[in-house]
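Letter by letter, the chains look like this.
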Amino acid sequence: MASSSSDLPTTLLALLDKLHLTQLASTLPSSILGQELSERAKLLIVSGGATAALLIVLRHLLSGGKKTKYVEQLEKSEQGEQGVYDIIVVGGGTSGCALAARLSEDPNIKVLLLEAGGSGTALRFSRTPALFGRLFRSKYVHALKTEPQAAALGKQNFWPRAKLLGGCSSINAQMAQYGAPGDFDQWATLTGDSSWSYANLSKYIKKFEHFHPHPDYPEVDTSVRGSEGPVHIGYFNSVTEASKAFVKACVNVGIPFTPDFGGVNGTGGVSRIMTYVNSKFQRVSAESAYLTPDVLARKNLTVAIHATVTRILFDKTDKGEPRAVGVEFAKTATSTRYQARAKKEVIVSGGAVHSPHILMLSGIGPSAHLAERGIPVVKDLPVGKNLVDHPVVDLYFKDKFNVSHKYFKPASFSDAKKLFSAFYQYFWLGTGGPLATNFGESAAFIRSDDPALFPPSEYPEVLPDSTSAKESPDLELFSTPMAYKDHGATFFDVHTYALHVYLLRPTSHGAVLLKSANPWEQPSVNPNYIQTPEDLAKLVRGVRILLKIARTPPLAGLLDETFTRADLDHELHLKTDDELKDLVRERVETVYHPTTTCRMAPLEQGGVVDSKLRVYGVKGLRVCDASIFPWIISGHT
């Protein structure tokens, strides 16, 4: 079964192509693929058995995705009695999967879930914690670009939104953290509805969780964690020594250690992050947690994939409020359009970009904007306004001991050898290893006005407080086992380590707007990053504290401060605040957390939905996803 060394170049290239790892193939030096291979191969191929083992790993990788039980022939969702449902859920993302599963628990409620993409759990690049970045510029993602960011050098930022069941829970960094208790208490106060308070909402967090204790973290209070829910969380991801050192360095600069960001001590502090990774070292998404085989076997649940909803259908015969009575959907712009009817409700769960997109296409939105696009107005509401996102800034450092995961994008035969070793460990041995990293391995939540971290003598400016409560943070710091640019599309040519800061409670807001009345044209997104001076100033403080952490033991001992090349940040602490402001403007990016475009609030305060998530002035229509957040939460959306 073993290939000769002279056959290996062809084998590698063919397998890499089938794995869609074309970047790996294109970056292998020509010497690896040329006449010098046989000598270099001796370093890797000790015996025919080693080669055979490698090929077995690759064959396992190529064995295809998981089979799914979803409807792809969309006409089956429309015909006869099958085309009439009690509830239609538009969008099979993080919330849509949970809604479909929970609502269909009642056998008397017939549910249709429509998802524009396919299955996330069927994709190895989604299931494998470290490989999600491979999906960012693929057909599985809406590869949006922001409008030019006026306060950030006019850049147009890449803005990926998932086009998969599970939504962004199928492509995110799997960090299990839910914001601060004060966030939800603020929601309850705004709406006058105590069901949104943390005291109440935390019961449902506990209900969906299945926490797995770890002997290395005995201080986690398991009494506040769920143990029977469908969403498995814990410490099954791999974590590097540098990320452990980050936690200790944070403590040494004055950030208290916390065993659990969701524990009784609140959100503040530093710790290793819990993750949505299960005991098999695979991602836990909303799809894998909620659309289980048992759930999909329910006769009252239909999950249709590759079904893009083009508009909501309304009954306007009542001279009072219009009623949502169904949806129109299709596979592509040129394919047949189908309709399904809802006897009770339509629930829009397309996310903070596509929920407002669908509503506006259907005539619910700012009347002047809809008129500009030639769309008849069903209800004038501030849909698409109040867009807010967590803006992030990345810092790059040289890894002193050259042990980073740089080989994930191999530039040499040695890198390729390490990568295939990681594949073997993860896919064949099933022991996790480097491919079980979620990248965001450790985190810290702090306040930008904490005098212990930002002494007034050094930071005299009093910045507006945008937090939800005095205990709530406004900055998150986190570490990754290597540095990258352009959302992972570009790696450095040396071994690196990275630190990141993002603003949890921005005061800068933007909008999602229609570019046209064509449902197949993606909307305009403008998060308006760092428009307000306080947002910029707080991110500068975040950069300052990261630079201090990087120069604090034990992390400092793992970074090469003598490596002062201009594209790395070992001398950044010498810069002035004005220079750091320029750096923030240059580097600010999305951390993939847009919210608030269909805001839950009183109508007179810019609300689109009430506290029951019902769209104002329209019967039978709700919105349920991150677009309804009254304010963005102090953590992971």
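Residues numbered from 1 in each chain as written. Predicted model: local features only at pLDDT ≥ 70, side-chain atom pairs only at ≥ 80, totals over all residues. Heavy atoms only, no water.

## Side note on the pattern of salt bridges
Part 1: Taken as a whole, this structure holds 21 salt bridges when the rule is applied.
Part 2: Here Arg337 makes a salt bridge to Glu328, at a shortest N to O gap of 3.2 Å.
Part 3: Look at Arg337 and you get partly exposed, because its relative accessible area is 38%.
Part 4: By relative accessible area, Glu328 is classed as buried at 8%.
Part 5: Shared partners join several salt bridges into a network, and the residues in it are Glu209, Arg225 and Asp260. (Salt bridge = Lys/Arg side-chain N within 4 Å of Asp/Glu carboxyl O. Buried < 20%, exposed > 50% of the residue type's maximum accessible area, 1.4 Å probe, protein only.)

## Section: the UniProt feature "binding site: FAD" (unreviewed entry) in the protein chain
Part 1: Here the UniProt feature "binding site: FAD" (unreviewed entry) sits at Thr94, Ser95 and Val309.
Part 2: As for its position among the elements, Val309 is in strand E9 (residues 308-315).
Part 3: Overall, Val309 belongs to the buried group, its relative accessible area being 7%.
Part 4: What Val309 contacts, discounting residues up to four positions off in sequence, is Val90, Leu114, Val327, Glu328, Phe329 and Ile358. (UniProt positions renumbered as here; feature names shortened; annotations may be inferred. Helix = DSSP H or I, 4+ residues; strand = E, 2+ residues; numbered from the N terminus. Contact = heavy atoms within 4.5 Å.)

## Concerning the UniProt feature "domain: Glucose-methanol-choline oxidoreductase N-terminal" (unreviewed entry) in the protein chain
Part 1: Here the UniProt feature "domain: Glucose-methanol-choline oxidoreductase N-terminal" (unreviewed entry) sits at residues 351-365.
Part 2: Along residues 351-365 one finds 73% helix and 13% strand; the C-alpha atoms at either end are 16 Å apart.

## Thoughts on the sheet that holds strand E7 (residues 269-272)
Part 1: Here 6 strands make up an open sheet; going across it, the order is E7-E16-E17-E20-E15-E23 and the pairing antiparallel. Two strands lie at the open edges of the sheet, namely E7 and strand E23 (589-590), each paired on one side alone.
Part 2: Sheet topology places strand E17 (residues 475-480) next to strand E20 (residues 496-503); 6 bridges connect them, and they run antiparallel. Among the inter-strand pairings, Leu475 is bridged to a residue of E20, identified as Leu503.
Part 3: Across the sheet, helix H10 (residues 241-253) lies against E7, strand E16 (442-446), E17 and E20, angled at about 25° from E16, the strand it touches most.
Part 4: Taken strand by strand, helix H16 (residues 533-550) contacts strand E15 (391-398), E16, E17 and E20, and its axis lies near 150° from that of E20. (Pairing = 2+ DSSP bridges. Axes fitted to C-alpha atoms, helices over the stretch in contact; angles between N-to-C directions.)

## Comments concerning the pairing of E9
Part 1: Among the 8 residues that make up E9, 6 are buried, leaving the element largely enclosed by the rest of the structure.
Part 2: Of the pairings in the sheet, the one linking E9 to strand E10 (residues 323-330) comprises 7 bridges and is antiparallel in character. Across the sheet, Val309 pairs through a bridge with Phe329, a residue of E10.

## Examining the pairing of E10
Part 1: Extensive coverage of E10 is indicated by the burial of 7 of its 8 residues.
Part 2: Of the strand pairs in this sheet, E10 and strand E11 (residues 337-348) are connected by 5 bridges, and their pairing is antiparallel. Its bridge partner lying in E11, Phe329 is registered against Tyr338.
Part 3: What sits between E10 and E11 in their antiparallel hairpin is a turn of 6 residues.

## Re the confidence of the model for the protein chain
Part 1: When pLDDT is averaged along the protein chain, the result is 90, and 89% of the positions lie at 70 or above.
Part 2: Ignoring residues within four places in sequence, the model shows residues 1-59, a span with pLDDT below 50, making 72 contacts including any to other chains. (pLDDT = per-residue confidence, 0-100.)

## A closer look at the nonpolar core
Part 1: Phe246, Ile255, Ile364, Leu477, Ile549 and Leu621 are the most contacted members of the largest nonpolar core, which totals 97 residues.
Part 2: Sorting elements by how many residues they give to this core places H16 first, with 9 residues.
Part 3: Setting aside anything within four residues of it in sequence, one finds Ile549 in contact with Phe246, Ala249, Cys250, Val253, Ile255, Leu477 and Leu555.
Part 4: Within the second largest apolar cluster, 34 residues are counted, among which are Ala98, Tyr217, Met274 and Val284. (Core = buried A, V, L, I, M, F, W, Y, C linked by side-chain atoms within 4.5 Å.)

## Examining the packing of H16 against helix H17 (residues 577-587)
Part 1: At their nearest, the axes of H16 and H17 sit 9 Å apart, and the two run at 100° to each other. Here H16 lies roughly perpendicular to H17, going by the angle between them. Every residue of H17 that contacts H16 at Leu536, Leu539, Val540, Val543 and Arg544 is listed here: Asp577, Leu580, Lys581, Val584 and Arg585.
Part 2: Residues that form the contact of H16 with H17 fall into these classes: 6 nonpolar, no polar and 4 charged. (Parallel < 35°, antiparallel > 145°, perpendicular 65-115°, else oblique. Nonpolar A, V, L, I, M, F, W, Y, C, P; charged D, E, K, R; others polar.)

## With respect to the side chain of Ser271
Part 1: Among the secondary structure elements, Ser271 is positioned in strand E7.
Part 2: A polar side-chain atom of Ser271 sits 2.9 Å from the main-chain carbonyl oxygen of Thr258. (Polar contact = N/O pair within 3.5 Å; in protein donor to acceptor, adjacent residues only side chain to side chain.)

## Side note on helix H13 (residues 351-361)
Part 1: Taking burial as the measure, the 11 residues of H13 include 11 buried ones, the bulk of the element.
Part 2: Just downstream of H13 lies Gly363, where phi reads positive at about 100°.

## Quick notes on the sheet that holds strand E21 (residues 510-513)
Part 1: If you walk across this open sheet you meet the 3 strands as E14-E21-E22, and the pairing is antiparallel. Lying at the two open borders of the sheet, with one neighbouring strand each, are strand E14 (385-387) and strand E22 (524-526). On average, each strand axis in the sheet is tilted by 35° relative to the strand beside it, whichever way the strands run.
Part 2: As defined by bridge partners, E21 adjoins E22 across 3 bridges and the pair is classed as antiparallel. Considered in E22, the bridge of Leu513 is made with Ser524.
Part 3: Sitting on the sheet, H13 is in contact with E21 and E22, with an inclination near 50° to E21.

## Comments concerning the packing of aromatic side chains
Part 1: Tallying each qualifying case throughout the model produces 20 aromatic pairs.
Part 2: A ring pair is formed by Phe132 and Phe439, whose centres lie 6.0 Å apart and whose planes are at 85°; its orientation type is edge-to-face. Placement of Phe132 in the loop between helix H7 (124-127) and strand E3 (141-145) and of Phe439 in the loop between helix H15 (413-429) and E16 is noted, with a sequence separation of 307 residues between them. Both residues of the pair, Phe132 and Phe439, belong to the buried class.
Part 3: An aromatic cluster of at least three residues, connected via ring pairs, comprises Phe132, Phe136, Tyr407, Phe408, Phe439 and Tyr592.
Part 4: In this arrangement the basic side chain of Lys110 is found over the ring face of Tyr85, its NZ or CZ atom lying 5.1 Å from the centre.
Part 5: Above the plane of the ring of Phe158 lies Arg137, whose end atom (NZ or CZ) is 4.1 Å from the centre. (Phe/Tyr/Trp six-rings, centres within 6.5 Å; stacked < 30°, edge-to-face > 60°. Lys NZ or Arg CZ within 6 Å of the ring centre and 35° of its normal.)

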